[in-house]
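Summary of the model geometry
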Amino acid sequence: MSRVGVLLLNLGGPDKLEDVGPFLYNLFSDPEIIRLPFRWLQKPLAWFIASRRTKTSQANYKQIGGGSPLRRITEAQGEALKQKLGDLGQEVNIYVGMRYWHPYTEEAIAQIAQDKIEQLVILPLYPQFSISTSGSSFRLLEKLWREQPELQPTDYTVIPSWYKQPSYLQVMAELIAQELDQCPNPDEAHIFFSAHGVPKSYVEEAGDPYEQEIEECTALIMQTLNRPNLYTLAYQSRVGPVEWLQPYTEDALQQLGAQGVKDLVVVPISFVSEHIETLQEIDIEYREIAEDVGIHNFRRAAAPNTHPVFIQALAELVIESVEKPSFKLSQAAQMKKKVKMYPQENWEWGMTTSAEVWNGRIAMLGFIALMIELVTGHGLLHLIGLLQ
Ligand SMILES: C=CC1=C(C)c2cc3[nH]c(cc4nc(cc5[nH]c(cc1n2)c(C)c5CCC(=O)O)C(CCC(=O)O)=C4C)c(C)c3C=C
Ligand SMILES: [Fe+2]
Ligand SMILES: [Fe+2]
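Throughout this document, residue positions are counted from 1 along each chain, in the order its sequence is written. To label them, take the chains in the order written and letter them from A, then take the ligands in the order written and number them from 1. A pLDDT threshold of at least 70 governs which residues receive local features in this predicted model, and a stricter bar of 80 or more applies before side-chain atom pairs are shown or counted, although totals over entire chains, interfaces and linings include all residues. To obtain the side-chain values, all non-hydrogen atoms of the structure were included, while hydrogens and water were left out.

Where an unreviewed UniProt entry is consulted, the chain appears under the name Ferrochelatase, with the organism given as Anabaenopsis tanganyikae CS-531. For the record of the chain, the UniProt heading Subcellular location (unreviewed entry) holds the text "Cytoplasm". UniProt positions are given in the numbering used here, feature names are shortened, and annotations may be inferred rather than shown by experiment.

Bringing the UniProt feature "binding site: Fe(2+)" (unreviewed entry) in the chain into the picture now. With numbering matched to this structure, UniProt assigns "binding site: Fe(2+)" (unreviewed entry) to H196 and E277. With the annotated positions falling across 82 residues, the maximum pairwise C-alpha distance of 8.2 Å places them together in a single cluster. In this structure, H196 sits in strand β5 (residues 190-196). Excluding anything up to four places from it in sequence, H196 contacts Y210, Y235, Q236, S237, W244, S270 and E277. Contact definition: two residues touch when any of their heavy atoms are within 4.5 Å. When near neighbours in sequence (up to four residues on either side) are disregarded, E277 contacts H196, Q236, S237 and I282. Secondary structure counts use DSSP, requiring at least four H or I residues in a row for a helix and at least two E residues in a row for a strand, with both numbered from the N terminus.

Consider each residue's heavy atoms; a residue with any of them within 4 Å of a molecule or strand counts as near. Surveying the vicinity of ligand 1 reveals 29 residues, the closest of which are R53, S57, Y61, S68 and F271. In the analysis that follows, any N or O atom pair within 3.5 Å is treated as a polar contact, provided that within protein one partner can donate a hydrogen and the other can accept it, and provided that, for residues neighboring in sequence, both atoms belong to side chains. In the environment of ligand 1, an oxygen atom lies 2.9 Å from a nitrogen or oxygen atom belonging to the side chain of R53. For ligand 1, whose accessible area on its own is 800 Å², the fraction buried by protein is 97%. Secondary structure elements with two or more residues in the shell around ligand 1: α1 (20-28), α2 (42-63), α5 (131-147) and α10 (276-292). For the shell around ligand 1, the element with the highest residue contribution is α1, accounting for 4 residues. Gly is put with the polar residues, along with every residue not named as nonpolar or charged; the nonpolar set is Ala, Val, Leu, Ile, Met, Phe, Trp, Tyr, Cys and Pro, and the charged set is Asp, Glu, Lys and Arg. Split into classes, the residues belonging to the shell around ligand 1 amount to 17 nonpolar, 10 polar and 2 charged. Each accessible area value is a Shrake-Rupley result obtained with a 1.4 Å probe; residue values ignore everything except the protein chains displayed when judging cover.

Salt bridge criterion: a side-chain nitrogen from Lys or Arg within 4 Å of a carboxyl oxygen from Asp or Glu. What the rule picks out here adds up to 14 salt bridges. Note that E216 is salt-bridged to K164, the shortest N-O span being 3.5 Å. Here K164 lies in the loop between β4 (155-158) and α6 (166-180) and E216 lies in helix α8 (residues 210-225), a separation of 52 residues in the sequence. Relative accessibility under 20% of the residue-type maximum defines a buried residue, over 50% an exposed one, and the middle range a partly exposed one, all with a 1.4 Å probe and only protein chains included. E216 sits in the partly exposed class, given a relative accessible area of 28%. The shortest N-O distance in the salt bridge between D181 and R227 comes to 2.9 Å. With D181 in the loop between α6 and β5 and R227 in the loop between α8 and β6 (231-236), this residue pair connects regions lying 46 residues apart in the sequence. Owing to a relative accessible area of 45%, D181 belongs among the partly exposed residues under this scheme. A single network of salt bridges, built from pairs that share partners, joins E32, R35 and R139.

By convention here, two paired aromatic rings are described through the distance between centres and the angle between planes. Between 30 and 60 degrees the pair is tilted, below 30 it is stacked and above 60 it is edge-to-face, where a pair is any two Phe, Tyr or Trp rings, Trp via its six-membered ring, whose centres lie within 6.5 Å. The tally for this structure, following the rule as stated, stands at 8 aromatic pairs. Here W101 and Y104 contribute two aromatic rings whose centre-to-centre distance is 6.2 Å and whose plane-to-plane angle is 70 degrees, an arrangement assigned as edge-to-face. Clustering of aromatic rings is evident, with ring pairs tying together W162, Y168 and F310. A positively charged side chain is recorded as over a ring if its NZ (Lys) or CZ (Arg) lies within 6 Å of the ring centre. The angle to the ring normal must also be within 35 degrees. The ring of Y202 has R35 sitting right over it, with the charged end atom 5.1 Å from the ring centre. One cation-aromatic arrangement involves K328 over Y156; the distance from NZ or CZ to the ring centre is 4.0 Å.

Patch definition: residues with relative accessible area over 30% and no salt bridge; like charges joined within 9 Å; nonpolar side chains (Val, Leu, Ile, Met, Phe, Trp, Tyr) joined within 5 Å. When charges are tallied, Lys and Arg are placed among the positive residues and Asp and Glu among the negative ones, while His and the ends of the chain are skipped. Taken as the charge centre is NZ of Lys, CZ of Arg, CG of Asp or CD of Glu, depending on the residue. A surface patch of like charges, here negative, comprises E285, E288, E291 and D292. Mapping E288 onto the fold places it in helix α10.

Moving on to unusual backbone geometry. Cis rather than trans, the peptide bond between H102 and P103 has omega equal to -10 degrees. Its location among the elements puts P103 in the loop between β2 (93-98) and α4 (105-114). Note that the residue after Q246, namely P247, is joined by a cis bond; omega there is 0 degrees. Checked against the element boundaries, P247 lands in the loop between β6 and α9 (249-258).

Paired strands, as defined in this entry, are two strands with at least two bridges between them according to DSSP. With respect to topology, 4 strands assemble into an open sheet ordered β2-β1-β3-β4, the strand pairing being parallel. Two strands bound the open sheet, and with one partner strand each, they are β2 and β4. The sheet shows a mean angle of 20 degrees between the axes of neighbouring strands, direction not considered. For strand β1 (residues 4-10) and β2, the ladder comprises 6 bridges, and the chain directions are parallel. Counted as the bridge partner of L7 is Y95 from β2. Helix axes are fitted to C-alpha atoms over the stretch in contact, other axes to C-alpha atoms as well, and angles between N-to-C directions run from 0 to 180 degrees. The strands touched by α4 are β1, β2 and β3 (119-124); relative to β2, the strand with the most contacts, the crossing angle is about 155 degrees. Running at roughly 140 degrees to β3, helix α11 (residues 308-323) makes contact with β1, β3 and β4 of the sheet.

Bringing the pairing of strand β8 (residues 297-300) into the picture now. As defined by bridge partners, strand β7 (residues 263-268) adjoins β8 across 4 bridges and the pair is classed as parallel. Residue pairing for β8: V265 is matched across the bridge by R299. In this view, the connection linking β7 to its parallel neighbour β8 by way of α10 has right-handed handedness. A clockwise course of the path from the first strand over the helix to the second, judged with the strands pointing away from the viewer, identifies a crossover as right-handed.

Structural data, given as structure tokens:
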């Protein structure tokens, strides 16, 4: 029997307040998070935005105990999954690969090679695909294995997205029902799906399937729940002044308040663990907005975390993917053929470095323009909304 490993991909989060600055720098250095026409601009801009955001972000992390619970929860999910798969007769090693903080994806793949894993299942802990999340992690894996082919396991398979998985839909429905049943009139409470947003251009220009997968997922959860409640889908956590997917959570809450909604169950939909956007943004910021507009019974469905039905869902995904023919990172790219990844690379998944096309003179002029803009606060990046 071959040695099987499961690589859980996740975003990562700062463990303590001092980590917030470097974590934000890593995040904004990712061209799948800030899409710029020039690669050389990425690092200076990441440094600039991270420095400006660190204080606010630290204040938010302070409100949830001084750090992200993401590592702890992801590792607990991994432990529970290993146990569950063992019970089902499938012995596996579990690895956690975070995109922007420890334990980094680089560390995970080094360990996978050291453990001589022959068959690897790559499972992103994002139910829906986005260029900015699973796409970014897949791209990193491709790059790492291209640079160090000796680290690549003999066989691997990717699960690109899994929002239709029946046990996942079931756990989401159960978590919502639990909150509805605490309301005075359970059928009258409004269900409010709050998905993490992405800039609108990701969907409209780069072909990110994220919005469509979120909409489909929401409808499937409502079908599984099978209750008569009205529901809304909105997008949270907008960063910067460019347009993101709409409606924005804060606007939708105000609208529902104005319509006289009193009981609300918020459902975080794009992430499977508690993190800063659930514990701080929803539980503190959005609750305050809701209460101000008269929504007095504001409840939130818990994230699936280590709920046994959720762990069952992950186990089913792994078992199915081991049995099926393997699905490669290049196929994940092909499947999303219209998905444009790095803008610097001519909007393709491949590694053609178009940066070389830009001659030194243009780069130097651009660099001077950036420096002037950072000092004066005026210029093209402010105009197109990349700087505030
Ligand atoms: C499916 C989930 C997520 C999508 C899509 C996503 C896109 C996205 N995020 C930013 C900017 C930030 N994200 C930050 C934290 C953060 N993001 C997600 C998930 C998605 N992001 C999670 C789970 C977390 C939190 C990790 C934790 O610490 O618990 C942050 C840092 C926090 C803050 O300062 O608010 C930023 C910044 C962009 C720009 C983007 C799409 C382009
Ligand atoms: Fe984010
Ligand atoms: Fe946020």
